[in-house]
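Breakdown of the fold
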Amino acid sequence: MARISRLIRELSRRRVFRTVIAYIVVIWALSQGASELFPRFGVDDRWIRIFIIALVLGIPVVAVLSWRFNLTLKGVVPDPFSDPGILTDEDLEPGNAADWARNRHESKGAGYVTAIWTSPAGETIRRQFFEPFVIGRDPANDIQLADRRVSRVHAVLYAEDRVWKVRDINSSNGTYLNGKRTSKAELPDSCQLQFHEKGPVIDMSIHKVEETALTRDAMTRVGSK
């Protein structure tokens, strides 16, 4: 069931369903137009049927193209995750951490994570995550830790098999779960993640409830320490 759920999410992410439905609408419009116009040019009904059948046979082709390519402002480009092999553990890299985690993430039954840490200004920050999130020194990360001991893209957290997990992304100084260095681990309901053995700490707590009206990555600031 987990694989089926992941496949459905991936089909949705790549807009395969949306593209196929749009193509079916186009088939219907073209078939209506062909039924009206072809007879006026003396085209036999048999060719109308062949035309419609050819359009229908194109549905699998459209689905495959939608799976393998993305339509962007720069044109049609290959989807970097069109190869299922990209989802293996060995392929996790700083440049694809967010997409890698989203492809594996299974939110059902996993609940959400509350993360609490202290900013360089001494302010305590609390955030809630229902979806995967990346931690590192780079400002583009979901959680930025502006500390030289933290790698640019240090670790990623995601839910799989109803539990939240942390993965170190080949960081220079390591990720520590409750004081023990780890490359991959399941998160207990309450724990601390540290980046470098004496680096910044994030307090984590997992809430085993289904996603509610709370927005993704809801963030509140709760004052200063």
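Our subject is the structure that appears above.
Nothing here was measured: the structure is a model prediction, and the numbers come from that model. (Residues numbered from 1 in each chain as written. Predicted model: local features only at pLDDT ≥ 70, side-chain atom pairs only at ≥ 80, totals over all residues. Heavy atoms only, no water.)

**Regarding the pattern of salt bridges**
The line we're drawing: One speaks of a salt bridge when a side-chain nitrogen belonging to Lys or Arg is within 4 Å of a carboxyl oxygen belonging to Asp or Glu. A run of DSSP states H or I qualifies as a helix once it reaches four residues; a run of E qualifies as a strand once it reaches two. Both are numbered from the N-terminal end. Three exposure classes are used, based on accessible area relative to the maximum for each residue type with a 1.4 Å probe and protein chains only: buried under 20%, partly exposed in between, and exposed over 50%.
Under the counting rule described, the total for this entry stands at five salt bridges. The shortest N-O distance in the salt bridge between Asp99 and Arg102 comes to 2.4 Å. Residue Asp99 and its partner Arg102 are located together in helix H5 (residues 97-104), separated by three residues, close to a single helical turn. Of the residues examined, Asp99 reaches a relative accessible area of 25% and is grouped as partly exposed. Two residues, Asp147 and Arg149, come together in a salt bridge whose shortest N-O distance is 2.9 Å. Asp147 sits in the buried class, given a relative accessible area of 18%.

**Considering the pairing of strand S7 (residues 155-160)**
The side chains of a regular strand alternate, residue by residue, between the two faces of the sheet. As a reminder of what qualifies: Strand pairing follows a simple DSSP-based rule, namely that at least 2 bridges must link the two strands.
The buried fraction of S7 amounts to six of the six residues, a majority that puts the element mostly inside the structure. Neither face of S7 is exposed, since Ala155, Leu157 and Ala159 on one face and Val156, Tyr158 and Glu160 on the opposite face are all buried. Alignment of strand S5 (residues 133-136) against S7, held across three bridges, turns out to be antiparallel. Among the inter-strand pairings, Val134 is bridged to a residue of S7, identified as Val156.

**Comments concerning a nonpolar patch on the surface**
For the record, the criterion: Each patch is built from residues lacking any salt bridge and having more than 30% relative accessible area; the joining distance is 9 Å for like charges and 5 Å for nonpolar side chains (Val, Leu, Ile, Met, Phe, Trp, Tyr). Using a 1.4 Å probe, accessible areas were evaluated by the Shrake-Rupley method; residue-level cover was limited to the displayed protein chains.
Residues Ile8, Phe17, Ile21 and Val25 make up a contiguous nonpolar surface patch of roughly 380 Å² in combined accessible area. Looking at the nonpolar patch element by element, the count peaks at three residues for helix H2 (residues 16-37). Residue placement: Ile21 occurs in helix H2.

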